[in-house]
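Examination of the molecular architecture
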Amino acid sequence: MKPAPFEYHAPETLDEALALLAECGPDAKVLAGGQSLVPAMNFRLAAPSVLIDLNRVPELSYVREDSSAGIRIGAMTRQREVERSAPTAERAPLLHETMPHIAHPQIRNRGTMGGSVAHADPAAELPAVMLALEARLRACRRDEPDGRWIDAGEFFTGLFATALAPDELLVEIALPPLPARTGWAFREISRRHGDYALVGVAAVMTLDEAGLCERSRIALFSVGDGPVLARAAAAALAGEPVTDEAIRAAAAAVQRDIDPPGDIHASTAYRRHLAEVLTRQALARAAERARDGTEGA
Ligand SMILES: Cc1cc2nc3c(=O)[nH]c(=O)nc-3n(C[C@H](O)[C@H](O)[C@H](O)COP(=O)(O)OP(=O)(O)OC[C@H]3O[C@@H](n4cnc5c(N)ncnc54)[C@H](O)[C@@H]3O)c2cc1C
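Description of the structure in this document. Starting afresh in each chain, residues are numbered from 1 along the sequence in its written order. Since the coordinates come from a predicted model, pLDDT governs what is reported: local features require at least 70, and pairs of side-chain atoms require 80 or more to be given and counted, while whole-chain, interface and lining totals use all residues. Hydrogens and water are ignored here; the side-chain numbers use all heavy atoms of the structure.

Attention now goes to a negative patch on the surface. A cluster of acidic residues, Glu 12, Asp 15, Glu 16 and Glu 59, forms a negative patch at the surface. Within the secondary structure layout, Glu 59 lies in the loop between strand S3 (50–53) and strand S4 (63–65). Within the patch definition used here, like charges are joined within 9 Å and nonpolar side chains (Val, Leu, Ile, Met, Phe, Trp, Tyr) within 5 Å, considering only residues with over 30% relative accessible area and no salt bridge. For every accessible area listed, the method is Shrake-Rupley and the probe measures 1.4 Å; residues are considered covered only by the protein chains on display. By convention in these notes, a salt bridge is any Lys or Arg side-chain nitrogen within 4 Å of a carboxyl oxygen on Asp or Glu. For the purpose of charge, His is not counted, nor are the chain termini; Lys and Arg are scored as positive and Asp and Glu as negative. For charged residues, the charge sits on one atom: NZ in Lys, CZ in Arg, CG in Asp, CD in Glu. For the purposes of this entry, the term helix denotes a DSSP run of H or I that reaches at least four residues, the term strand denotes a run of E that reaches at least two, and both are numbered from the N terminus.

A few words now on the site of the ligand. Around the ligand, the surrounding shell holds 28 residues, and the nearest of these are Val 30, Gly 34, Leu 37, Thr 112 and Glu 125. Under the rule applied, a polar contact is a pair of N or O atoms within 3.5 Å (in protein, one hydrogen donor and one hydrogen acceptor; residues adjacent in sequence only if both atoms are side-chain atoms). Interatomic distance of 2.9 Å between a backbone N/O atom of Ala 32 and an oxygen atom of the ligand. For the ligand, an oxygen atom lies 3.4 Å from a polar atom in the backbone of Ser 116. Across the complex, the protein chains shield 88% of the 970 Å² of accessible surface that the ligand would expose by itself. Mapped by element, the contributors of at least two residues to the shell around the ligand are strand S2 (28–31), helix H7 (113–119) and strand S10 (169–175). Looking at which element gives the most residues to the shell around the ligand, the answer is H7, with 4 residues. Asp, Glu, Lys and Arg are counted as charged, while Ala, Val, Leu, Ile, Met, Phe, Trp, Tyr, Cys and Pro are counted as nonpolar; the rest, among them Gly, fall into the polar class. A class-by-class count of the residues in the shell around the ligand yields 14 nonpolar, 11 polar and 3 charged. When at least one non-hydrogen atom of a residue lies within 4 Å of a molecule or strand, that residue is treated as near it.

Before going further, it helps to spend a moment on the nonpolar core. Nonpolar core, defined: a set of buried Ala, Val, Leu, Ile, Met, Phe, Trp, Tyr and Cys residues in which side-chain atoms within 4.5 Å join the residues together. With a 1.4 Å probe rolled over the protein chains alone, any residue whose accessible area is under 20% of its type maximum counts as buried; one over 50% counts as exposed, and the rest are partly exposed. Core analysis: the largest hydrophobic core is formed by 39 residues, its most contacted members being Ile 73, Leu 94, Leu 95, Val 117, Met 130, Ile 173 and Leu 175. Contact criterion: two residues are considered in contact whenever any of their non-hydrogen atoms come within 4.5 Å of each other. Other than its neighbours up to four places away in sequence, Val 117 contacts Leu 126, Met 130, Leu 137, Phe 155, Phe 156, Thr 162, Leu 170 and Ile 173. Formed by 31 residues, the second largest nonpolar core is a distinct cluster that contains Met 205, Val 228, Ala 234 and Ile 258.

This brings us to the sheet that holds strand S11 (residues 182–189). Strand order in this open sheet of 4 strands is S11-S12-S13-S14, and the pairing throughout is antiparallel. Two strands close off the open sheet at either side, each with one partner strand: S11 and strand S14 (228–229). In this fold helix H12 (residues 268–292) packs onto S11, strand S12 (199–207) and strand S13 (213–221), with an angle of close to 150 degrees to the strand it touches most, S11. What makes two strands pair is DSSP finding at least two bridges between them. Whenever a helix is involved, its axis is fitted only over the stretch in contact; in every case the axis is a line through C-alpha atoms, and angles between N-to-C directions fall within 0 to 180 degrees.

Another aspect to go through is the packing of helix H11 (residues 244–253) against H12. Viewed as axis vectors pointing N to C, H11 and H12 meet at an angle of 140 degrees, and their least axial separation amounts to 8 Å. With respect to their mutual orientation, H11 and H12 come out oblique. As H11 runs across H12, the sense of the crossing is right-handed. Here H11 contributes Ile 247, Arg 248, Ala 250, Ala 251 and Ala 252 to the contact with H12, which in turn contributes Glu 276, Thr 279, Arg 280, Leu 283, Ala 284 and Ala 287. Residue composition of the contact of H11 with H12, by class: 7 nonpolar, 1 polar and 3 charged. Orientation labels follow simple angle bins: below 35 degrees gives roughly parallel, above 145 gives roughly antiparallel, 65 to 115 gives roughly perpendicular, and whatever is left gives oblique. Here a crossing is called left-handed whenever its near helix is offset anticlockwise from the far helix by less than a right angle, and right-handed whenever the offset is clockwise.

Here S3 shows no split at all, with Val 50 and Ile 52 on one side and Leu 51 and Asp 53 on the other all buried. When strand S1 (residues 7–9) meets S3, the two strands line up parallel, connected through 3 bridges. Residue pairing across strands places Glu 7 opposite Val 50, the latter belonging to S3. Pairing analysis gives 4 bridges linking S2 to S3, with the strands arranged parallel. Residue pairing for S3: Leu 31 is matched across the bridge by Asp 53. A right-handed crossover is one whose linking path, passing over the helix from the first strand to the second, runs clockwise when the strands point away from the viewer. Handedness of the S2-helix H2 (residues 37–42)-S3 crossover: right-handed.

With that settled, consider the pattern of salt bridges. According to the stated counting rule, one finds 17 salt bridges in the structure shown. The shortest N-O distance in the salt bridge between Arg 215 and Glu 134 comes to 3.0 Å. Of the two residues, Arg 215 is situated in strand S13 and Glu 134 in the loop between helix H8 (125–132) and strand S6 (136–141); the sequence distance between them amounts to 81 residues. By relative accessible area, which is 41% here, Arg 215 ends up partly exposed. What makes Glu 134 partly exposed here is its relative accessible area of 35%. Arg 141 is the salt-bridge partner of Glu 144, the closest N and O atoms lying 3.4 Å from each other. Via salt bridges that share partners, Asp 66, Arg 72, Arg 138 and Glu 172 belong to a single interconnected network.

Here it is in structure tokens:
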């Protein structure tokens with residue numbers, strides 16, 4: 001099918017894009033990589049009356065090392081660029097490990113970081129990674145060009161829903177540095193590589209000097225309306241020696257954190273089973289990395 005008719009604008013600066021968003025009203029949508037929006041328009045699941053194409057706004061595309069030793073990523077940065085970026089590998093290794101799991105290289109060549117985060121698909125990898133890494137997301141509007149920062153924990157508000165107002169643009173993602181003695185891991189199961197995951201998990205764990213679990217953040221996806229922070233699982237590990245038994249107990253506690261849907265791809269029971277197994281694997285790998293500080297799979 002072809003999309004419903006729409007008006008098309010191609011601003012060349014962020015200011016122009018923000019002005020258009022303010023003028024065109026809530027029926028306008030921004031076009032980033034188009035990998036989710038264009039299929040939705042072709043199926044007429046989305047019918048915006050105005051499209052504001054961000055592809056000619058170069059100032060939104062970058063990966064920068066930040067003075068605090070974290071990184072900042074412009075919303076229009078292609079997913080493939082992040083996958084291949086050395087600062088991402090060094091400073092945000094969980095994100096780096098995740099990137100190849102998103103769709104296929106052809107889609108990552110076009111798909112953007114901001115597009116995936118703003119789309120807030122409950123089966124998408126990046127929203128969960130944003131939660132696990134405690135990302136901050138900067139949103140700008142015409143009358144507030146410096147924008148406001150939104151914590152990832154407050155950004156995802158429901159099924160394909162975010163805290164962005166209709167006239168706000170997501171412009172930047174900031175990832176803080178990982179503390180010392182921190183490990184990370186990403187796991188997902190999909191039927192074929194590149195398919196949306198049936199369930200996935202991103203985990204970060206920090207050990208204290210005695211080797212006890214100081215803190216962990218475990219975020220799951222494809223188990224609810226949006227990315228889910230597994231608070232019960234993290235609480236089960238806090239202050240504990242990170243033994244196989246403790247990891248097993250924390251992974252079992254994830255059942256209290258999730259309420260997964262059943263559909264033609266996987267039943268609720270199967271998703272629950274996968275969530276527990278993947279959480280156990282991710283926590284074990286994160287603990288291993290936290291202990292020895294090694295990188296790589
Ligand atoms: C075959 C196929 C398989 C895929 N598999 C996966 C997968 O396994 N995992 C996964 O996560 N994704 C997958 N995707 C989706 C892909 O990752 C998209 O790139 C991503 O969801 C959207 O990014 P985009 O840049 O293409 O955004 P677009 O499609 O251009 O936009 C998506 C939505 O976000 C809004 N938006 C975009 N940028 C901004 C911004 N800066 N501020 C505010 N709103 C904005 C748009 O208005 C639109 O509503 C797949 C896509 C395809 C076609």
